[in-house]
Amino acid sequence: MSKYNKSKLTMAGKLLASLAANGKAKFEITRAASTADDLSGVDLDSLEALPNEVQSADIVDQVKPIDGNAAVTGTEVQFVNEKLDESYLIRAIGLYATKDGEDEEQLYAVITAETPELMPDYADKIWFRFTSTIYVIVGDVANVTVNITPTGLATREYVDEAIDAHKVILPESLMYSDKDATVNALWKYTQDPVNTNGSPYVAKETADKGYVRDNGDSSITYGDNITINPADKSHVVQRRENGTAEPTNYDSGDLKIDKDLEVLGAKVFKESDDYASFIAAHENGIFFITEDDPVSSADGTAS
């Protein structure tokens, strides 16, 4: 396992940190780089550039120190082996900074390795990442910014903090899986959605053909959009347990057979009723009359 020493500021870094601590300057940590050179015998104070740079790193986060020291900040850097032709040992990492209002980049701090990390080449197409958080004295973090690499792999904590601080502006159309949302567009699913119990939702075409829908006006619709008025007590002759029928009268047009044949009226008569006069008054009607043996039954019915 690799192990690195604490960071050490260069002379340029010490000057920037002093100015920032006194509110006289602001600066930005712009990038990180690595070298395979052994710097154990090198005077880091006077170093102006990292010798023989091999790779540049992505800066993926700015990390607050655990003790909350406002004079210190952490810079999380990561190296990946993609496009690396030769393996090498990361013996030192340098942080560069730029003072506000100036274009010249300065080597700000350096960390050296006690046990360096081996960065393998990409010849076998095996992806490898090495991440390190470098804590450096900056004088006052309020006067320091860190240039986060847009293409780097940011940590989830960084993204959450960036959203909260409005550093990242999300589109209004973005939807969260754990928050309510209104969908205005037509969504098409490649798989049927299910509820929390794993039961699939029923599509409209299935529901229309397989279920009966109450239209709210005493009618129902079923199958291929067939609408009917179900039988109720006002449209059928109720039979008593003893086999006799309740008297029923229908208004013209209330009862239809097979949707086209309209029943103009129906009436149940007792023998004592004058159904002959009723028939005479409805000369266009068709009447079916049954008459029981008067000895065995006192009722006659017609329908």
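This section reports on the structure supplied with the text. This is a predicted model, so every value here is computed, not measured.

## Here we look at the pairing of strand β7 (residues 105-119)
As a general feature of sheets, a regular strand has side chains that alternate between the two faces. Two strands pair when backbone bridges link them, and strand β1 (residues 3-4) and β7 are joined in this way by two bridges, in the antiparallel orientation. Across the sheet, residue Lys3 finds its bridge partner in β7, namely Thr115. Of the pairings in the sheet, the one linking strand β2 (residues 8-9) to β7 comprises two bridges and is antiparallel in character. Bridging from a neighbouring strand, Lys8 pairs with Val110 of β7. In the sheet, strand β6 (residues 88-99) pairs with β7 via ten bridges, with the strands oriented antiparallel. The residue of β7 that forms the bridge with Leu95 is Ala109. Between β6 and β7, which pair antiparallel one after the other, the connecting turn spans five residues, and Gly101 there sits at a positive phi close to 90 degrees.

## Re the packing of aromatic side chains
This structure, assessed with the given rule, holds two aromatic pairs. When the centroid spacing of 5.9 Å and the interplanar angle of 35 degrees are considered together, the rings of Tyr4 and Phe130 count as tilted. Of this pair, Tyr4 sits in strand β1 while Phe130 is found in strand β8 (residues 129-137), placing the two residues 126 residues apart along the sequence. The ring of Tyr96 carries Arg31 above its face, with NZ or CZ at 4.1 Å from the centroid.

## Section: the side chain of Ser34
Within the secondary structure layout, Ser34 lies in strand β3 (residues 27-35). Reaching out from Ser34, the side chain makes a polar contact with the side chain of Tyr88 at a distance of 2.7 Å. Discounting residues that sit within four places of it in the chain, Ser34 has contacts with Leu50, Asn52, Glu53, Val54, Gln55, Phe79, Tyr88, Ile90, Ala92 and Ile93.

## Notes on the pattern of salt bridges
Applying the stated criterion to the full structure yields four salt bridges. Here Asp45 and Lys14 are joined by a salt bridge, their closest N and O atoms 3.4 Å apart. Residue Asp45 is found in the loop between β3 and β4 (53-63), and its partner Lys14 is found in helix α1 (residues 11-21); the two are separated by 31 residues along the sequence. Owing to a relative accessible area of 39%, Lys14 belongs among the partly exposed residues under this scheme. For the salt bridge of Glu53 with Arg31, the shortest nitrogen-to-oxygen distance reads 3.2 Å. Of this pair, Glu53 sits in strand β4 while Arg31 sits in strand β3, and the two are 22 residues apart along the sequence. One network of salt bridges, with partners in common, ties together Arg31, Glu53 and Glu105.

Here is what the cut-offs are and how they apply
- Residues numbered from 1 in each chain as written.
- Predicted model: local features only at pLDDT ≥ 70, side-chain atom pairs only at ≥ 80, totals over all residues.
- Heavy atoms only, no water.
- Pairing = 2+ DSSP bridges.
- Helix = DSSP H or I, 4+ residues; strand = E, 2+ residues; numbered from the N terminus.
- Phe/Tyr/Trp six-rings, centres within 6.5 Å; stacked < 30°, edge-to-face > 60°.
- Lys NZ or Arg CZ within 6 Å of the ring centre and 35° of its normal.
- Polar contact = N/O pair within 3.5 Å; in protein donor to acceptor, adjacent residues only side chain to side chain.
- Contact = heavy atoms within 4.5 Å.
- Salt bridge = Lys/Arg side-chain N within 4 Å of Asp/Glu carboxyl O.
- Buried < 20%, exposed > 50% of the residue type's maximum accessible area, 1.4 Å probe, protein only.

Worth remembering: the numbers are spatial, not functional.
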